[in-house]
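These are the residues of each chain, in order.
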Amino acid sequence: MTNLTLQAPRKVKLANRLKNSWIHVILIIVAIVLVGPFIWMFLTSIKTYEETITVPIVWFPEQIQWVNYEIVNDKFPFLRLYLNTILVVMATVVSQLAMSSLAAYAFARLRFPGKNILFLFMLSLLMVPGQIFLIPQYQIIVGLNLTDTLTALVLPNMFSVFGVFLLRQFFAAIPQELEDAARIDGCGNFRIYWQIMMPLVTPGLVAMGILTMIGAWKELLWPLIVNQSIDKMTLSAGLANLIGEHTTYHEQVMAGAVISVLPMIIVFAFFQRKFVESIAQTGIKG
Amino acid sequence: MKKAKVDYSAYLFIAPIFIGLVVFYVYAFLRNIFLSFNDVGVFGERTYVGLQNFRDLIQDPIFRRATVNTFFYAGVGVPLVVIISIGLAWLLNQKIKGLVFYRTAVFIPAITLPAAIGLLWRWLYNSQYGLINYLLGLIGVEPKAWLGDTELVRWSILIVLVWASVSYMVIILLAGLQRIPSMYVEAAQIDGANTRQVFFKITLPLLSPTIFFVTVISMIGMLQVFDFIFLMIRSESVAYQYAISLVTYFYESAFALNLRGYGAAISVVLLGIIFAITAIQFRLQKRWVHYD
């Protein structure tokens, strides 16, 4: 060890710096490829229509056209769509957390006949691709007379098998002594679950909540299937309509895209660590 | 550890999710299998036709193309996504300045709406005024109809798919890299291993469980590709038929054309494909995945 540092500190440093500058070059190119399109999105959104169709390309507008945002906001009910999205995402997250944590607690801490079979049953559902359920789920929604409602967007997505698996690991990690002590004090299962364990599995709940949020936020196919009117859409599916309709004005379409991207990027900027930790959770073998 | 007594209240804890799963998933699954053996009309009238839907599928040129395309997206897309994200995760795990900036840049597509990505890339791909044709023009490449050319369109979709999926996988792989104890790498370096040897002989084998996980989930994701094809190409355009995937065709049949039995049959085929490929991957993992 000492040998190595004594030998040629300067050479090692130089080699390191050379290696690092290569890394920077590659990462800057990657960053441009990944973020550049978003910058182009924004630049287009503040141009005039004429500027968007000038050849060769004009990079910056002569005058910033904030008016594009007003126009697209008048044409398109962004506020409504955001409100719908927030409602749907919140309802989905809360109901998934509630039901998955209840089941996860039972699987992690309680002993009961049929536990393994029930667990296997859930495991097998995890492996089936979602499209296989869509036609009958749609028919159920039609049968319940719920098409074109926000309820329809939440209903089949309230039950997360993945959440049971994720949270089970967190429940299982809680020391037995804590549970024993609570039992001696006369706590029943529900109180142990709710008052003792739920606060302790908060990191798991946050991780699952964030993952559910990203999923519900991006969900496209199901809202397209069950809802028709734009007032009952989430942003994800509503924006898909923008593709069909006002495509002639590139600057307006890009303004719409910016409106739908920016708030989530801001949320992400604040909670980046939590986001990243949550997604990383999916890769941990339990 | 002492054994807890049998606790029947456990069923109450499981009941809410269990009931929901039975209604919306188990029943739906069985019903879907049943529908795939039926001819379901626009108004819901249903006749049992046995395997006719599946026989029709084999004869259906669009279904065949959708299957070929789906294998194309998965077969070319998954290796690209996995290799690029391993490389990126490794770079982002180095001790260099500006990491926060680079990481944020890499993660942003993971939280962006598919519809916004679709709108954005359609504009980038625009054959007359798009940025991509302009930039390629600077190095002398002829402008191309990225989303209109029947040969090119699959590649155009593939680029967006890879571009959009790398972020998520990098996050998972980066976490995997950070869980590798640094003593392994340090030990190898003391023994005189260079960067490349450390990467291939130490890092990759230790990362292999995460790589396997990322391969499986990106495979499942790519086999179910729908969003960008649906969002970027009009279904009336000729190119659409050349980009179509199994899930896109499923959506078209079941919900645009209301051929529910036919649609159900497509989803059953997709299920079979995903099961088979996932099973093969689990079979093969013994050869290259190292668990310690």
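UniProt lists a comment for chain B under the heading Subcellular location (unreviewed entry), and it reads "Cell membrane".

Per UniProt, chain A carries the Subcellular location (unreviewed entry) text "Cell membrane".

Details of the UniProt feature "transmembrane region" (unreviewed entry) in chain B
All names here are of chain B. Those residues carrying the UniProt feature "transmembrane region" (unreviewed entry) are residues 12–30, 71–92, 104–124, 155–177, 198–222 and 262–282 in this numbering. In residues 104–124, the share of helix is 90% and the share of strand is 0%. The end C-alpha atoms are 22 Å apart. A helix fraction of 100% and a strand fraction of 0% characterise residues 198–222, whose end C-alpha atoms lie 31 Å from each other.

A short note on the nonpolar core
Counting residues in each nonpolar core, the largest one holds 195 residues, and the members touching the most others are Phe107, Met122, Phe171 and Leu239 of chain A together with Tyr73, Trp121 and Phe255 of chain B. Top element by residues in this core is helix H7 (residues 153–178) of chain B. It accounts for 16 residues. In this structure, this core is formed jointly by two domains, domain 1 (2–68) and domain 2 (76–245) of chain A, each of which donates at least three residues. Those residues in contact with Trp121 of chain B that sit more than four places away from it in its chain are Ile132, Ile159, Val160, Trp163 and Met232 of chain B.

Observations regarding the side chain of Gln96 of chain A
Residue and element names in this part refer to chain A. By the secondary structure assignment, Gln96 is in helix H5 (residues 78–109). For Gln96, a relative accessible area of 9% puts it in the buried group. In terms of polar contacts, Gln96 uses its side chain to reach the side chain of Thr212, at 3.1 Å. Residues in contact with Gln96, not counting those within four places in the same chain, are Ser101, Asn157, Met158, Phe159, Ser160, Met208 and Thr212.

Focus: empty space enclosed by the protein
Once rolled over the atoms, a probe with the size of a water molecule shows which space is left empty. Summed over all chains, the structure comprises one cavity of 30 Å³ or more. Considered as a void within the structure, the largest cavity measures approximately 40 Å³ in volume. Contributing to the lining of the largest cavity are Trp40, Thr44, Lys47, Glu51, Thr52, Ile57 and Val58 of chain A together with Trp123 and Tyr129 of chain B. Secondary-structure elements contributing two or more residues to the lining of the largest cavity are helix H2 (9–45) and helix H3 (49–52) of chain A.

Considerations on the environment of Thr278 of chain B
All names here are of chain B. Here Thr278 lies in helix H13 (residues 260–288). With 76 residues separating them in the primary sequence, Thr278 and Ile202 have C-alpha atoms 27 Å apart. Filtering out sequence-adjacent residues up to four positions away, Thr278 remains in contact with Val216 and Ile220.

Brief notes about the packing of helix H3 (residues 61–92) of chain B against H13 of chain B
All names here are of chain B. Relative orientation of the contacting elements H3 and H13 amounts to 30°, with a least axis distance of 13 Å. The angle between H3 and H13 places the two elements in the roughly parallel class. Considering only the axes of H3 and H13, their crossing is right-handed. Counted together, Phe63, Thr67 and Phe71 of H3 and Ile266, Val269, Ile273 and Ile277 of H13 form the full contact between these two elements. Looking at the contact of H3 with H13 residue by residue, the classes come out as six nonpolar, one polar and no charged.

Focus: the interface of chain A and chain B
In this complex, chain A contributes 98 residues to the contact, which on the side of chain B involves 92 residues. Both faces considered, chain A and chain B share a buried interface measuring about 8,900 Å² in area, 78% of it formed by carbon and sulfur atoms. Linking chain A with chain B are zero salt bridges. On the surface where chain A and chain B come into contact, there are 15 residue pairs in polar contact (both at pLDDT 80 or more). A per-element tally of the side of chain A that touches chain B places H2 of chain A first, with 17 residues. Here the residues of the side of chain A that touches chain B are counted per class, giving 73 nonpolar, 20 polar and five charged.

About the thresholds
Residues numbered from 1 in each chain as written. Chains lettered and ligands numbered in written order. Predicted model: local features only at pLDDT ≥ 70, side-chain atom pairs only at ≥ 80, totals over all residues. Heavy atoms only, no water. UniProt positions renumbered as here; feature names shortened; annotations may be inferred. Helix = DSSP H or I, 4+ residues; strand = E, 2+ residues; numbered from the N terminus. Core = buried A, V, L, I, M, F, W, Y, C linked by side-chain atoms within 4.5 Å. Buried < 20%, exposed > 50% of the residue type's maximum accessible area, 1.4 Å probe, protein only. Domains from an automatic or database assignment. Contact = heavy atoms within 4.5 Å. Polar contact = N/O pair within 3.5 Å; in protein donor to acceptor, adjacent residues only side chain to side chain. 1 Å grid on protein atoms, 1.4 Å probe; cavity = no way out; pocket = protein on both sides within 12 Å on 5 of 7 lines; lining within 4 Å. Points joined across faces, edges and corners; volume = space filled by probe spheres on them. Axes fitted to C-alpha atoms, helices over the stretch in contact; angles between N-to-C directions. Parallel < 35°, antiparallel > 145°, perpendicular 65-115°, else oblique. Left-handed = near helix turned anticlockwise from the far one by under 90°. Nonpolar A, V, L, I, M, F, W, Y, C, P; charged D, E, K, R; others polar. Buried area = accessible area lost by both parts, 1.4 Å probe. Salt bridge = Lys/Arg side-chain N within 4 Å of Asp/Glu carboxyl O.

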